[in-house]
Amino acid sequence: MTGSVNQSAIESGLSTEGKKMLAAADLADVIMAPAGDMFEQGVKVQVLKRGTLFSSRGFKLQELYRAYRSLEDIPREEILKLEKEVFQEKLEDIWQDTQQFFQNRDPGQIAKALEDPKHKMALIFRWYLGKASRWAIEGTEHRRLDYQIWCGPTMGAFNAWVKGTFLELPDRRTVVQIALNLLEGAAVITRAQQVRSHGLNVPQEAFAFIPRPLG
């Protein structure tokens, strides 16, 4: 399973800036955040923490969603703070954008929102969660702190393994080289372990496969 790792590869649809952020990640640079498609249920996804504020801003939206029945119930100072720091747009404009999005995809969502103020609040809050992924893919510079990049600790482990090798640089990471090095590395380590299991003295360096161009 190399989902997190392959996101940093050349072939990935993630922006160049996003790939650089992944290539700099450590084991502890991941965090949970609200999932856009299941926001109302409180479902979470694992994302990159380093260099972004997406998780904290996403949880702020979830906190407000749970605490209030509608946008109108949220204190005015909180709304102004959301518009300035999180959405960076007026909520009225976001609602217009949200309606246009669902008009052709699922008009029932709009009808439900017009009847249920809490559902309208959820759709507007989900606007941010959905856009955050798009900003990371497109490399929207002024929304860099809001990038939503799905990522697990595997990314940090991979970065530690390739540090100082040709795969440390994002522009050298192809899915083929990543796969070949992982496969050969696993084979080398497995063979060393087999030899050791037969009672032979195998030096520790035999277990340290160093990534190199293969193929």
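Residues numbered from 1 in each chain as written. Predicted model: local features only at pLDDT ≥ 70, side-chain atom pairs only at ≥ 80, totals over all residues. Heavy atoms only, no water.

**Regarding the pattern of salt bridges**
Side-chain pairing between opposite charges can occur once the charged atoms of the two side chains come close.
So, step 1. Within this structure, the stated rule accounts for 13 salt bridges.
So, step 2. For the salt bridge of glutamate 78 with lysine 60, the shortest nitrogen-to-oxygen distance reads 3.4 Å. Here glutamate 78, found in helix 4 (residues 76–87), pairs with lysine 60, found in helix 3 (residues 54–67); they are 18 residues apart in sequence, far enough to count as distant.
So, step 3. Among the salt bridges present, the one from arginine 134 reaches glutamate 138, with a minimum N-O distance of 4.0 Å. You can see arginine 134 and its partner glutamate 138 sitting in helix 7 (residues 117–138), 4 residues apart, about one turn around the helix.
So, step 4. Take arginine 134: its relative accessible area is 42%, and that puts it in the partly exposed class.
So, step 5. Note on glutamate 138: relative accessible area 52%, which makes it exposed.
So, step 6. Here the residues in one salt-bridge network are Arg57, Arg143 and Asp146, joined through shared partners. (Salt bridge = Lys/Arg side-chain N within 4 Å of Asp/Glu carboxyl O. Helix = DSSP H or I, 4+ residues; strand = E, 2+ residues; numbered from the N terminus. Buried < 20%, exposed > 50% of the residue type's maximum accessible area, 1.4 Å probe, protein only.)

**Observations regarding helix 2 (residues 16–23)**
So, step 1. Within helix 2, burial applies to Gly18, Lys19, Met21, Leu22 and Ala23.
So, step 2. Elements in contact with the buried residues of helix 2: helix 1 (3–7), strand 2 (44–48) and helix 8 (154–162). (Contact = heavy atoms within 4.5 Å.)

**Quick look at the packing of helix 4 against helix 7**
So, step 1. At a minimum axis separation of 12 Å, helix 4 and helix 7 run at an interaxial angle of 20°. Between helix 4 and helix 7, the crossing angle belongs to the class labelled roughly parallel. Residue-level inspection shows Leu82, Val86 and Phe87 of helix 4 in contact with helix 7, the latter providing Ile124, Phe125, Trp127 and Tyr128.
So, step 2. Here the contact of helix 4 with helix 7 is built from residues that sort into 7 nonpolar, no polar and no charged. (Axes fitted to C-alpha atoms, helices over the stretch in contact; angles between N-to-C directions. Parallel < 35°, antiparallel > 145°, perpendicular 65-115°, else oblique. Nonpolar A, V, L, I, M, F, W, Y, C, P; charged D, E, K, R; others polar.)

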